[in-house]
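The lines below spell out each chain.
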Amino acid sequence: MKKLKTENYKGVRDFYPRDVFFQEYIFETWKKTVESFGFEQYNASLLENSEIYKAKTSEEIINNQTYTFIDRGDREVTLRPEMTPTLARMIAAKKRELSFPLRYYSIPNCFRYERPQRGRMREFWQLNVDILNVKNDKFYDIEIIKLINQILLNFKATSSDFTIKINSRTLLNAVYKNYYEFNENEALTFQRLLDKKDKITEAEFLKEYEKITDKEYKDISDIDDKEVKKELNYINEIIDVCKSASISNIEFDQNIVRGFDYYTGVVFEVFDNDPENNRALFGGGRYSNLIDLFETVKDDVNISGIGFGIGDVPMMNFLESRNLLPEFVNSTDILLGIISDDQKVIDYADSAATELREQGKNVSINYDGKKVGDIMKTAEKNSIKSVVVIGEKECEEKKYEVKSL
Ligand code: HAM
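Treat the numbers as computed from the prediction; the structure is a model and nothing was measured. (Residues numbered from 1 in each chain as written. Predicted model: local features only at pLDDT ≥ 70, side-chain atom pairs only at ≥ 80, totals over all residues. Heavy atoms only, no water.)

### Let's talk about unusual backbone geometry
Phase 1: Here phenylalanine 100 and proline 101 are connected by a cis peptide whose omega angle stands at -5°.
Phase 2: Its place among the elements puts proline 101 in the loop between α4 (84-93) and β5 (102-106).
Phase 3: Phi is positive for asparagine 323, close to 55°, though the residue is something other than glycine.
Phase 4: Its place among the elements puts asparagine 323 in the loop between α10 (312-320) and β13 (334-338).
Phase 5: Classification of asparagine 323 as exposed rests on a relative accessible area of 72%. (Helix = DSSP H or I, 4+ residues; strand = E, 2+ residues; numbered from the N terminus. Buried < 20%, exposed > 50% of the residue type's maximum accessible area, 1.4 Å probe, protein only.)

Okay, here's the thing in structure tokens:
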């Protein structure tokens, strides 16, 4: 019989204990930071009815990147590529019972059929943080940016390690309408082109651009239009408040448009300043009519949200390239080695392990009758910090020593 390959499915990862340790470190730091800002954790299944992505996601994701299948009951099912539509569905489902504003976070695994590359995998975990249904958008737009900044500082990063780039869909819409004079369809085509801008050459961009419009490609700040100026002022106000709160690494960038169709207000992405890690670290923005896609929400009710997602893969690259990961520590505190096959010694060792566990220690027993040197080596190799060796002598004297390595 042909033996099986040990390779896993393309674009997913196996997590050995060391990998789990570092991933948990990231999750714990995320959790601690967002909980310190008053966010509560929610969760959901990774299976969703496909229709929730079709109305307002990104064309690229829906056409090329979803894992979709038909179940045995003829339902079209998708493995979630992102969490925002699920959150919108959950909020719409319990709209009457929930007391707004809400601060919700989750760390789901998501699935996208992408080309695996540095910073991008087909299965990844993503911190999702959202504030829903507030009266004063501006203050929360600012707070979300402060939170992003705090997350990175809590990983011991400094502001020179990353750049926050911000733009606004309201601003872009004013540009599309008043400068380009696009209709809705043209605007969407144009926006999708802008979203691709970084991934194609300038010549390719210009070729596509000229197909859509014969207007000159301008800096938004040079467009002389009242509405455009007003929206640009809003962004500049946010930037100024952030700067006065010591967030110096924030800038307006008219090329940040974001791929999802549901954004309506501010949009932002955070970039790692290490050029090796060139994919966005965080992405998010304000969305005002995703929740009212659901039947429980009346047409005249508008529940808006602002939030962001950050993946474990780019986060890990960010930390690794700056040596910001902690030292691996095994969750086992003590390796207890028995260097005898005598049942009396084994019974004594078992009672010693029980005693240590009652004191709150995690104890792993090695019954394989190895030599003291071997036990030390095993502990060291597995980053276990302490060792207990029990043989005839310890059993007779009813005494053992916890040796710290
Ligand atoms: P997104 O820009 O698609 O936004 O993803 C946000 C972040 O998730 C990215 O910046 C990256 O860190 C991570 N990410 C995305 N795709 C992958 C991948 N294939 N592998 C590893 N990491 C990845 C959203 O998903 C929005 N739903 C975020 C949001 C929440 N907007 C409002 N609330």
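### A short note on the packing of aromatic side chains
Phase 1: The tally for this structure, following the rule as stated, stands at 26 aromatic pairs.
Phase 2: Consider the rings of phenylalanine 260 and tyrosine 263, whose centres lie 6.1 Å apart with planes at 70°: the pair is edge-to-face. Tyrosine 263 carries the same exposure label as phenylalanine 260, and that label is buried.
Phase 3: Members of the aromatic cluster, joined through ring pairs, are Tyr176, Tyr179, Tyr180, Phe182, Phe190, Phe205, Tyr209 and Tyr217.
Phase 4: Over the ring of phenylalanine 205 we find lysine 197; its NZ or CZ atom is 5.2 Å from the centre of that ring. (Phe/Tyr/Trp six-rings, centres within 6.5 Å; stacked < 30°, edge-to-face > 60°. Lys NZ or Arg CZ within 6 Å of the ring centre and 35° of its normal.)

### Some points on the sheet that holds strand β3 (residues 67-70)
Phase 1: With antiparallel pairing, the 3 strands of this open sheet are ordered in space as β2-β4-β3. Here the strands that pair on one side only, and so sit at the sheet edges, are β2 (47-49) and β3. Each strand axis lies, on average, 35° off the axis of its neighbour in the sheet, ignoring direction. (Pairing = 2+ DSSP bridges. Axes fitted to C-alpha atoms, helices over the stretch in contact; angles between N-to-C directions.)

### Observations concerning the pairing of strand β10 (residues 263-272)
Phase 1: When you tally the buried positions in β10, you get 9 out of 10 residues, the bulk of the element.
Phase 2: Sheet analysis places strand β8 (residues 162-168) next to β10, joined by 7 bridges and oriented antiparallel. Following the sheet pairing, isoleucine 164 is matched in β10 by valine 270.
Phase 3: As defined by bridge partners, β10 adjoins strand β11 (residues 282-287) across 5 bridges and the pair is classed as antiparallel. Each residue of the ladder has a partner; that of glutamate 269, found in β11, is glycine 283.

### A look at the pattern of salt bridges
Phase 1: Taken as a whole and judged by the stated rule, the model has 18 salt bridges.
Phase 2: Between lysine 385 and glutamate 327 there is a salt bridge, with the nearest N and O atoms lying 3.5 Å from each other. With lysine 385 in the loop between α12 (372-381) and β15 (386-390) and glutamate 327 in the loop between α10 and β13, the pair connects residues that are 58 residues apart, well separated along the chain.
Phase 3: Residue class for lysine 385 comes out partly exposed when judged on its relative accessible area of 40%. (Salt bridge = Lys/Arg side-chain N within 4 Å of Asp/Glu carboxyl O.)

### What about the sheet that holds strand β16 (residues 403-404)?
Phase 1: Taken in spatial order, the 4 strands of this open sheet run β14-β13-β15-β16, and their pairing is mixed. Among the strands making up the open sheet, the edge pair consists of β14 (363-366) and β16.
Phase 2: Judged from the 5 bridges that link them, β13 and β15 form a sheet pairing that is parallel. Bridge pairing links isoleucine 334 to serine 386 in β15.

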